[in-house]
Amino acid sequence: MLLRCLAIQGSWNYEILGGNGIGFCVEPALRALPGGPGGEAYRKALARQCVYFNAHPYLASLAVGALARAELDQNPPERIVRFRTALCGPLGSLGDRLVWAAWLPACSLVALLLFGMGWSALGVAGAFLVLYNTGHLALRAWGLAAGWLHGMRLASALSARWLQQGPQYIGRGAALVAGIALPFASHRAIGGGPILDPVPLAVAALTPCLAMLLVRLHGKVEGWQLLFGLLALLVLYSTVLH
Amino acid sequence: MLLFVLDFLPFVLLGAVLGLDVVSFPQAMISRPIVAATLAGAFAGAPAAGLVVGVALECVALETLPFGASRYPEWGSASVVGGVIGTRGAADALLPDPGAWVIGVMAAIATAWLGGWTMVQHRRLIAYWARPRLNSLASGSMRTVVALQVFGMTSDLVRGGVLTLVALLVSWPITTWAIDAWRLGAVETRGALIIGAAAVGASAVWKVFHGFSVTRRLFVVGLAVGTMLVTFRG
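Everything quoted here is computed from the prediction, not taken from an experiment.

Some points on the pattern of salt bridges
Moving on, step 1. Taken as a whole, this structure holds ten salt bridges over all chains when the rule is applied.
Moving on, step 2. Note that Arg69 of chain A and Asp73 of chain A form a salt bridge whose closest N and O atoms lie 3.1 Å from each other.
Moving on, step 3. Between Asp156 of chain B and Arg159 of chain B there is a salt bridge, with the nearest N and O atoms lying 2.7 Å from each other. Of the two residues, Asp156 of chain B and Arg159 of chain B are both situated in helix H8 (residues 142–181); the distance of three residues between them amounts to about one turn of the helix.
Moving on, step 4. Here Asp156 of chain B falls in the buried class, since its relative accessible area comes to 3%.
Moving on, step 5. Beyond isolated ion pairs, a larger network of salt bridges with shared partners links Arg4, Glu27 and Arg31 of chain A.

Set out below in structure tokens:
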């Protein structure tokens, strides 16, 4: 089931969102229902698990474990359906805060710092993958185990202090790392050299100005759009006008 | 032409696998630019230059994190395109050729945007394929569940591969022209590119962590410490 959880979004679509993925992940557990695979209990349970569902893909393993337990404990179908629906919101927002808004950028920023400190290509990419996936796989495995352990009493697992406070601590650490990483990474990416040369000085002076402009323009212009436009002007200047 | 396309085959396969990693399987973030562009650079014989391209793209990607069911750029296949294009003419070099690097970053941004659109179309395609099978799903058919899952992942793999191929075919001749025609100095070009990429990264950090208390102050403290350390080291 843990391996299947890695493909939970394999059929994500605008009809049933991740519903089929949940059914796909829970299916091995349902084989233990009375009548075995293909039996009436199995088919009804599988059908229940394949309807509309949306949550953060990593924390969806909590739902997979809990729903498998709920089905094998043969809870009333309407209770399982209500429970399943109620899981979507909390698992989505908690996962977004913990993984997309904290853990992923934190690991990216650590990798940028390692690059700035002179690590090799293999070292930077390898360190990022090991660091990120230690958290990623641990979260999926914990989710599956906790879901199975608590079943429909999942609220206690969701209120774990590390889950609620984790994003805040990771965010603080990542912000500090970001501040240190950006000057180091920028310096190495421009080729190093004395910091008082015109180009490193220009980078140190203009980067914060442009960053502040982007923060001001938040909601109006995306940074990648502005960068694309600036680079297009740079190409024009260097190839045609220069 | 066929030989030209066959030359791209390893990159197309890499783009397909990394495109799959973004959402469908296994979301291990092999598709993040700092890994994907480095891998593409390694495939092209220039891993160190690929890493530098990846660092610039990673700063940009920090701004576009994959929240919820929103549309977001697809950085897996895009970073392969950026890594291949950006490391042209940089065999064994520690830094990319300036013209190739700029075009590589632009190609990656454009491919990521197009990739986001193809992901939406892909999700619509799965929904279209699923619609006539909803009754079968409602009857608890294990075969339909697995078939839908396999169809989704296979078509996503194909999506990533086709996207990578098209992006490489379009951007390859532009890079050839840009490398020859580039007049601005290497240091100045790198400086200009890094000002843009680092500014996007810094503003992204400012915005992403705004919800957590004291993070902005910590970021500013970190910037001061980092700048001081670089100054003393330099």
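Next comes the rest of the description.
What about the nonpolar core?
Soluble globular proteins: nonpolar side chains tend toward being buried together.
Moving on, step 1. Within the largest apolar cluster, 139 residues are counted, with the highest numbers of intra-cluster contacts made by Phe128 and Tyr132 of chain A together with Ile34, Trp101 and Val105 of chain B.
Moving on, step 2. By residue number, the principal contributor to this core is helix H5 (residues 77–116) of chain A, which donates 18 residues.
Moving on, step 3. Once residues within four sequence positions are removed from consideration, Tyr132 of chain A is found in contact with Tyr58, Val99, Trp100, Trp103, Leu104 and Cys107 of chain A together with Gln27, Ala28 and Met29 of chain B.

A few points about the interface of chain A and chain B
Moving on, step 1. Between chain A and chain B, the residue contacts involve 92 residues of the former and 98 residues of the latter.
Moving on, step 2. Around 8,300 Å² of area is buried between chain A and chain B when both sides are counted, 76% of it from carbon and sulfur atoms.
Moving on, step 3. When the buried surface of chain A facing chain B is broken down by residue, Tyr14, Trp100 and Trp224 of chain A rank first, second and third, together holding 8% of it.
Moving on, step 4. Applying the counting rule to chain A against chain B returns one salt bridge.
Moving on, step 5. Our count for the contact surface shared by chain A and chain B stands at 18 residue pairs in polar contact (both at pLDDT 80 or more).
Moving on, step 6. Sort the elements by how many residues they give to the side of chain A that touches chain B and helix H8 (residues 161–189) of chain A lands first, with 17 residues.
Moving on, step 7. When the residues that make up the side of chain A that touches chain B are grouped by side-chain class, the tally is 58 nonpolar, 25 polar and nine charged.

A look at the packing of helix H2 (residues 19–30) of chain A against helix H4 (residues 60–72) of chain A
Residues and elements named next belong to chain A.
Moving on, step 1. Contact geometry for H2 and H4: axes closest at 9 Å, N-to-C directions at 40°. With respect to H4, the axis of H2 lies oblique. H4 is crossed by H2, and the crossing has right-handed handedness. Here H2 contributes Ile22, Cys25, Val26, Ala29 and Leu30 to the contact with H4, which in turn contributes Ala60, Val64, Leu67, Ala68, Glu71 and Leu72.
Moving on, step 2. Partitioned by chemical class, the residues of the contact of H2 with H4 number ten nonpolar, no polar and one charged.

Focus on the layout of surface pockets
Moving on, step 1. What the largest pocket holds in volume is close to 540 Å³.
Moving on, step 2. Every residue lining the largest pocket is counted, 24 residues in all, and those nearest its centre are Ala204, Thr207 and Pro208 of chain A together with Ala202 and Leu223 of chain B.
Moving on, step 3. Every element with two or more residues in the lining of the largest pocket is listed here: H8 and helix H9 (198–216) of chain A together with helix H9 (186–208) and helix H10 (215–233) of chain B.
Moving on, step 4. Of the residues forming the lining of the largest pocket, the biggest block, nine residues, is contributed by H9 of chain A.
Moving on, step 5. The residue inventory of the lining of the largest pocket, partitioned by class, reads 18 nonpolar, five polar and one charged.

Let's talk about unusual backbone geometry
Residues and elements named next belong to chain B.
Moving on, step 1. Here the residue pair Phe25 and Pro26 is connected by a cis peptide bond, since its omega of -10° sits within 30 degrees of zero.
Moving on, step 2. Looking at where Pro26 falls in the secondary structure, it is placed in the loop between helix H2 (9–23) and helix H3 (33–43).
Moving on, step 3. A positive phi angle, close to 65°, is found at Met29, a residue other than glycine.
Moving on, step 4. Here Met29 lies in the loop between H2 and H3.

Observations concerning the environment of Leu14 of chain B
Residue and element names in this part refer to chain B.
Moving on, step 1. Its location among the elements puts Leu14 in helix H2.
Moving on, step 2. Between the C-alpha atoms of Leu14 and Ala224, which are 210 residues apart in sequence, the distance is 39 Å.
Moving on, step 3. Aside from chain neighbours lying at most four places away, what touches Leu14 is Leu39, Ala40, Phe43 and Val80.

Observations concerning H2 of chain B
Residues and elements named next belong to chain B.
Moving on, step 1. With 15 residues, H2 should cover 21 Å at 1.5 Å per step; its first-to-last C-alpha distance of 23 Å lies within 8% of that length.
Moving on, step 2. By the criterion of burial, H2 is predominantly enclosed, with eleven of the 15 residues buried.
Moving on, step 3. Of the residues making up H2, those classed as buried are Phe11, Val12, Leu14, Gly15, Ala16, Leu18, Gly19, Leu20, Asp21, Val22 and Val23.

A word on the packing of aromatic side chains
The geometry of an aromatic ring pair comes down to the distance between the two centres and the angle between the two planes.
Moving on, step 1. Evaluated as defined, the whole model comprises eight aromatic pairs over all chains.
Moving on, step 2. Seen in terms of ring centroids, Trp142 of chain A and Trp162 of chain A are 4.8 Å apart; in terms of plane orientation they differ by 80°. Their pairing is edge-to-face. Highlighted residues: Trp142 of chain A in helix H6 (residues 121–150) and Trp162 of chain A in helix H8, separated in sequence by 20 residues.
Moving on, step 3. The class for Trp142 of chain A is partly exposed, based on a relative accessible area of 24%.
Moving on, step 4. Using a relative accessible area of 41% as the deciding quantity, one classes Trp162 of chain A as partly exposed.
Moving on, step 5. Through pairs of rings, three or more aromatic residues link up here, namely Tyr58, Trp100, Phe128 and Tyr132 of chain A.
Moving on, step 6. Over the aromatic face of Phe24 of chain A sits the side chain of Arg4 of chain A, whose NZ or CZ is 4.5 Å from the ring centroid.
Moving on, step 7. The ring of Trp113 of chain B is capped by Arg71 of chain B, whose NZ or CZ atom sits 5.3 Å from the centre of that ring.

Points about the side chain of Asn133 of chain A
Moving on, step 1. Structurally, the position occupied by Asn133 of chain A is in helix H6.
Moving on, step 2. In this structure the side chain of Asn133 of chain A is engaged in a polar contact, spanning 2.9 Å, whose partner is the backbone oxygen of Leu129 of chain A.
Moving on, step 3. Looking at Asn133 of chain A, its side chain comes within polar contact range of the main-chain oxygen of Ala28 of chain B, at 3.1 Å.
Moving on, step 4. Residues in contact with Asn133 of chain A, not counting those within four places in the same chain, are Ala138 of chain A together with Ala28 of chain B.

A closer look at the packing of helix H5 (residues 75–86) of chain B against helix H6 (residues 98–130) of chain B
Residue and element names in this part refer to chain B.
Moving on, step 1. Where H5 meets H6, the axes come as close as 8 Å, and the angle between the chain directions of the two elements is 165°. Here H5 lies roughly antiparallel to H6, going by the angle between them. In this structure, H5 crosses over H6, and the sense of that crossing is right-handed. Between H5, through Trp75, Ala78, Val81, Gly82, Ile85 and Gly86, and H6, the contact on the second element is made entirely by Ala100, Trp101, Ile103, Gly104, Ala107, Ala108, Ile109, Thr111 and Ala112.
Moving on, step 2. For the contact of H5 with H6, the residue count by class is eleven nonpolar, four polar and no charged.

Reading guide: rules and limits
- Residues numbered from 1 in each chain as written.
- Chains lettered and ligands numbered in written order.
- Predicted model: local features only at pLDDT ≥ 70, side-chain atom pairs only at ≥ 80, totals over all residues.
- Heavy atoms only, no water.
- Salt bridge = Lys/Arg side-chain N within 4 Å of Asp/Glu carboxyl O.
- Helix = DSSP H or I, 4+ residues; strand = E, 2+ residues; numbered from the N terminus.
- Buried < 20%, exposed > 50% of the residue type's maximum accessible area, 1.4 Å probe, protein only.
- Core = buried A, V, L, I, M, F, W, Y, C linked by side-chain atoms within 4.5 Å.
- Contact = heavy atoms within 4.5 Å.
- Buried area = accessible area lost by both parts, 1.4 Å probe.
- Polar contact = N/O pair within 3.5 Å; in protein donor to acceptor, adjacent residues only side chain to side chain.
- Nonpolar A, V, L, I, M, F, W, Y, C, P; charged D, E, K, R; others polar.
- Axes fitted to C-alpha atoms, helices over the stretch in contact; angles between N-to-C directions.
- Parallel < 35°, antiparallel > 145°, perpendicular 65-115°, else oblique.
- Left-handed = near helix turned anticlockwise from the far one by under 90°.
- 1 Å grid on protein atoms, 1.4 Å probe; cavity = no way out; pocket = protein on both sides within 12 Å on 5 of 7 lines; lining within 4 Å.
- Points joined across faces, edges and corners; volume = space filled by probe spheres on them.
- Expected span 1.5 Å × (residues − 1).
- Phe/Tyr/Trp six-rings, centres within 6.5 Å; stacked < 30°, edge-to-face > 60°.
- Lys NZ or Arg CZ within 6 Å of the ring centre and 35° of its normal.

All we've got here are geometric facts, nothing functional implied.
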